[in-house]
Amino acid sequence: MSDPRVAGVGLTHFGKHPERTGRAMFAEAGLAALDDAGIDPDDVEALFYGNFMGELAEHQGHQAPLMAEAVGLDVPATRYESACASSGAAIRDAVFRLRNGEADVVLVGGSERMTNIGTAAATDALSIAADDLYEVRAGMTFPGAYALMARAYFEAYGGSKEDLAEIAVKNHEHALPNEYAQMQQAITVEDALDAPIIADPLGLYDSCPITDGATAAVLVSEDYAADHDLDTSVAITGTGQGGDKMALHDRQYFARTPATKDAADEAYDDAGIGPDAVDFLEVHDCFTIAEVLALEGLGLYEPGEAIGAAGRGETTHEGALPVNLSGGLKAKGHPVGATGVAQLISLTKLLEGRHPRAEAVEGASTALAHNAGGTVASATVHVLQEVVE
Amino acid sequence: MSDEPRDDGFDDLLDAIADGEGFYVECANGHGSLPPRLSCPQCGSQELSEEPLPDSGEVATYTIVTVPTPQFDEDAPYVTAVVDFGPVSITGQVQGVDPEDVETGQVVGIDVGESVTRDERLIVFEPR
Ligand SMILES: [Zn+2]
């Protein structure tokens, strides 16, 4: 089986850009990806597009054809919606399309406009990733859901707000040289602990910001890359997806994420590697506790062990297993439907040595992307590896 | 509220809880779930029956929400909790107690209340 190549990547600045339309942002990201790939745009055969809250933020459904058009492409286009894992799900289907030989060149990406509706409406829009009848109507918010998981984690395994603050500090530090990041500012543990509480035990600095932005990547078949002599060195060698019950209260665990484990097991098996082969990764840290749950679900730490990883320096840019060198959702920002492809972009640039944090992973060859939807009722995992031709 | 169509299953459960006759859905293999169900989310069994909800449950995890959605603007701060009733767990708001005094393991009963902001029905828990 051949492994699709990442031929080119592009993204907009992540941040507060309330005036920018989803279509304008995606046009910028898509055209940048095509330019980066250096391929003939006429060769693109399909668009796999992620978006979560377009109906609520822009009164715009049926976004995929609009986005293909925005990039100047006359191709079939489909929107993927798996909450925050929307473009992770889009990548997975794009990989299948290329692997099975039905296409040689596809565009995958996502776009999300969020800040134009304000914090209250965005909080409402994000909440609908939970069960409307049994969670949202009881006042569950997105931070509230992760707060329930954080408390359950603390009670099961120990850990403290200080441990979570260390994760925020790390991801803010990682984002410092990232010109695309929403938060290019260092914070301290004290800053995080002093910040207002959103949903106890989670405070403002435990939460990712509300972000506008778009991302895109050109994926091509191995044959197309060879035939066109493309300068691509990054292959997607593994893909996996997991699911869980929608409502937290219907889960067996509140402090573990089996959907992540299932996605990871499948992706590792697909790539023919184990967790120990992973050199660095981008995980879905919509909240600080989510990074902990992800690292444990991915099999990189035993349950109860990842809470102290950032504080111990293991997951920093100087550590043995750098996590979220882009700044993660926490500092880079989280334009929901664009996030899965944003992770792919960061990992590709890091593997290719053209990311401002590339020094941290010199000589590394295997990276992993973990994208999660809602309270991880959806999860996708992709393995990216540098290929030596 | 009266002009809105009812939500099949959900509104039936809230009516029943308000009447002190809460129930859950049980499958042939003993798995509990909340309505509406045509099949068991655990095992797919289509042999379902309604069983009485235990009178009280224990707080499994909770949070004090200070930044709410607009629907709960005037309700905040409030306590959202998952309460374990044995065969099923249910999400709702813990009321009738200072938020700071809520703890995991606390025994609570279930009722139906109304939100302050929009007078909308919601599941509430009160310490026993
Ligand atoms: Zn069952």
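Here the structure is a predicted model, which is why all the values come from computation and not from measurement.

Thoughts on the coordination of the zinc ion
Residues and elements named next belong to chain B.
Line of reasoning, step 1. Distances from the zinc ion to its protein donors, namely Cys27 (SG), His31 (ND1), Cys40 (SG) and Cys43 (SG), fall within the range 2.1 to 2.3 Å.
Line of reasoning, step 2. Taken together, the four donor atoms coordinating the zinc ion span angles of 103 to 113° at the metal, a pattern that classifies the geometry as tetrahedral.
Line of reasoning, step 3. The sequence pattern formed by the donor residues of the zinc ion is C-x3-H-x8-C-x2-C. In this pair, cysteine 27 sits in strand β1 (residues 23–27) while cysteine 43 sits in the loop between β2 (32–33) and β3 (48–52), placing the two residues 16 residues apart along the sequence.
Line of reasoning, step 4. Cysteine 27 sits in the buried class, given a relative accessible area of 4%.
Line of reasoning, step 5. You can call cysteine 43 partly exposed: its relative accessible area is 35%.

What about the UniProt feature "domain: Thiolase C-terminal" (unreviewed entry) in chain A?
Line of reasoning, step 1. Within this numbering scheme, the UniProt entry marks residues 240–385 of chain A as carrying the feature "domain: Thiolase C-terminal" (unreviewed entry).
Line of reasoning, step 2. Structurally, residues 240–385 of chain A is divided into 29% helix and 16% strand, and its ends, taken at the C-alpha atoms, are 15 Å apart.

With respect to the domain arrangement of chain B
Residues and elements named next belong to chain B.
Line of reasoning, step 1. Looking at the assigned domains, one finds that chain B contains domain 1 (1–53) and domain 2 (54–128).
Line of reasoning, step 2. Summarising the inter-unit geometry, the C-alpha centres of domain 1 and domain 2 are found 19 Å apart.
Line of reasoning, step 3. With 12 residues of domain 1 in contact, the opposing surface of domain 2 contributes 12 residues.
Line of reasoning, step 4. Taken over both partners, the interface formed by domain 1 and domain 2 buries close to 1100 Å², and the fraction arising from carbon and sulfur atoms is 73%.
Line of reasoning, step 5. Between domain 1 and domain 2 we count two salt bridges in total.
Line of reasoning, step 6. Arginine 121 is paired through a salt bridge with aspartate 15; the nearest N and O atoms lie 2.8 Å apart.
Line of reasoning, step 7. In this assembly, domain 1 and domain 2 are joined by three residue pairs in polar contact (both at pLDDT 80 or more).
Line of reasoning, step 8. Sorting the residues of the side of domain 1 that touches domain 2 by element identifies α1 (10–18) and β2 as the ones contributing at least two each.

Focus: the UniProt feature "domain: Thiolase N-terminal" (unreviewed entry) in chain A
Line of reasoning, step 1. Per the UniProt record, "domain: Thiolase N-terminal" (unreviewed entry) is annotated on residues 16–223 of chain A.
Line of reasoning, step 2. In this annotation, residues 16–223 of chain A is assigned 44% helix and 14% strand; the end-to-end C-alpha distance for the span is 40 Å.

Section: the side chain of serine 346 of chain A
All names here are of chain A.
Line of reasoning, step 1. Residue position: serine 346 is located in helix α13 (residues 339–351).
Line of reasoning, step 2. Overall, serine 346 belongs to the buried group, its relative accessible area being 6%.
Line of reasoning, step 3. Excluding residues that lie within four positions of it along the chain, serine 346 makes contacts with Glu282, Ser326 and His355.

Regarding the side chain of threonine 63 of chain B
Line of reasoning, step 1. Within the secondary structure layout, threonine 63 of chain B lies in strand β4 (residues 56–65).
Line of reasoning, step 2. Within the local environment of threonine 63 of chain B, its side chain forms a polar contact with the backbone oxygen of aspartate 200 of chain A, the two atoms lying 2.6 Å apart.
Line of reasoning, step 3. Discounting chain neighbours no more than four positions away, the residues touching threonine 63 of chain B are Gly144, Ala147, Leu148, Arg151, Ala199 and Asp200 of chain A together with Tyr78, Val79 and Thr80 of chain B.

What to know about the interface of chain A and chain B
Line of reasoning, step 1. Taken together, the 28 residues of chain A in the interface contact 34 residues of chain B.
Line of reasoning, step 2. Carbon and sulfur atoms make up 58% of the surface buried where chain A meets chain B, a total of about 2600 Å² over both sides.
Line of reasoning, step 3. There are two salt bridges connecting chain A and chain B.
Line of reasoning, step 4. Our enumeration of links across chain A and chain B arrives at 15 residue pairs in polar contact (both at pLDDT 80 or more).
Line of reasoning, step 5. When residues of the side of chain A that touches chain B are traced back to their parent elements, those giving at least two are α5 (118–127), α6 (142–157) and β5 (197–199) of chain A.
Line of reasoning, step 6. The dominant element in the side of chain A that touches chain B, judged by the number of residues it contributes, is α6 of chain A, at six residues.

Regarding the pairing of strand β11 (residues 378–386) of chain A
Within a regular strand, side chains alternate between the sheet's two faces.
Residues and elements named next belong to chain A.
Line of reasoning, step 1. Most of β11 is tucked away, with seven of its nine residues classed as buried.
Line of reasoning, step 2. Summarising the sheet, strand β8 (residues 234–243) and β11 pair through nine bridges and their orientation is antiparallel. The partner of glycine 238 across the bridge, within β11, is valine 383.
Line of reasoning, step 3. Bridge analysis of strand β10 (residues 366–373) against β11 gives eight bridges, and the strand direction is antiparallel. Note on β11: the bridge partner recorded for glycine 373 is serine 378.
Line of reasoning, step 4. Connecting β10 to the antiparallel partner β11 that follows it, the hairpin turn spans four residues, and glycine 374 within it adopts a positive phi of roughly 60°.

Quick word on the environment of aspartate 132 of chain A
Line of reasoning, step 1. Note that aspartate 132 of chain A resides in the loop between α5 and α6.
Line of reasoning, step 2. Measuring from C-alpha to C-alpha, the distance between aspartate 132 of chain A and glutamate 112 of chain A comes to 21 Å, with 20 residues separating the pair along the chain.

Rules and cut-offs
Residues numbered from 1 in each chain as written. Chains lettered and ligands numbered in written order. Predicted model: local features only at pLDDT ≥ 70, side-chain atom pairs only at ≥ 80, totals over all residues. Heavy atoms only, no water. Donors = N, O, S within 2.8 Å, 3.2 Å for Na, K, Ca; no water. Tetrahedral: all angles 85-135°; square planar, octahedral: opposite > 155°, others 65-115°. Helix = DSSP H or I, 4+ residues; strand = E, 2+ residues; numbered from the N terminus. Buried < 20%, exposed > 50% of the residue type's maximum accessible area, 1.4 Å probe, protein only. UniProt positions renumbered as here; feature names shortened; annotations may be inferred. Domains from an automatic or database assignment. Contact = heavy atoms within 4.5 Å. Buried area = accessible area lost by both parts, 1.4 Å probe. Salt bridge = Lys/Arg side-chain N within 4 Å of Asp/Glu carboxyl O. Polar contact = N/O pair within 3.5 Å; in protein donor to acceptor, adjacent residues only side chain to side chain. Pairing = 2+ DSSP bridges.

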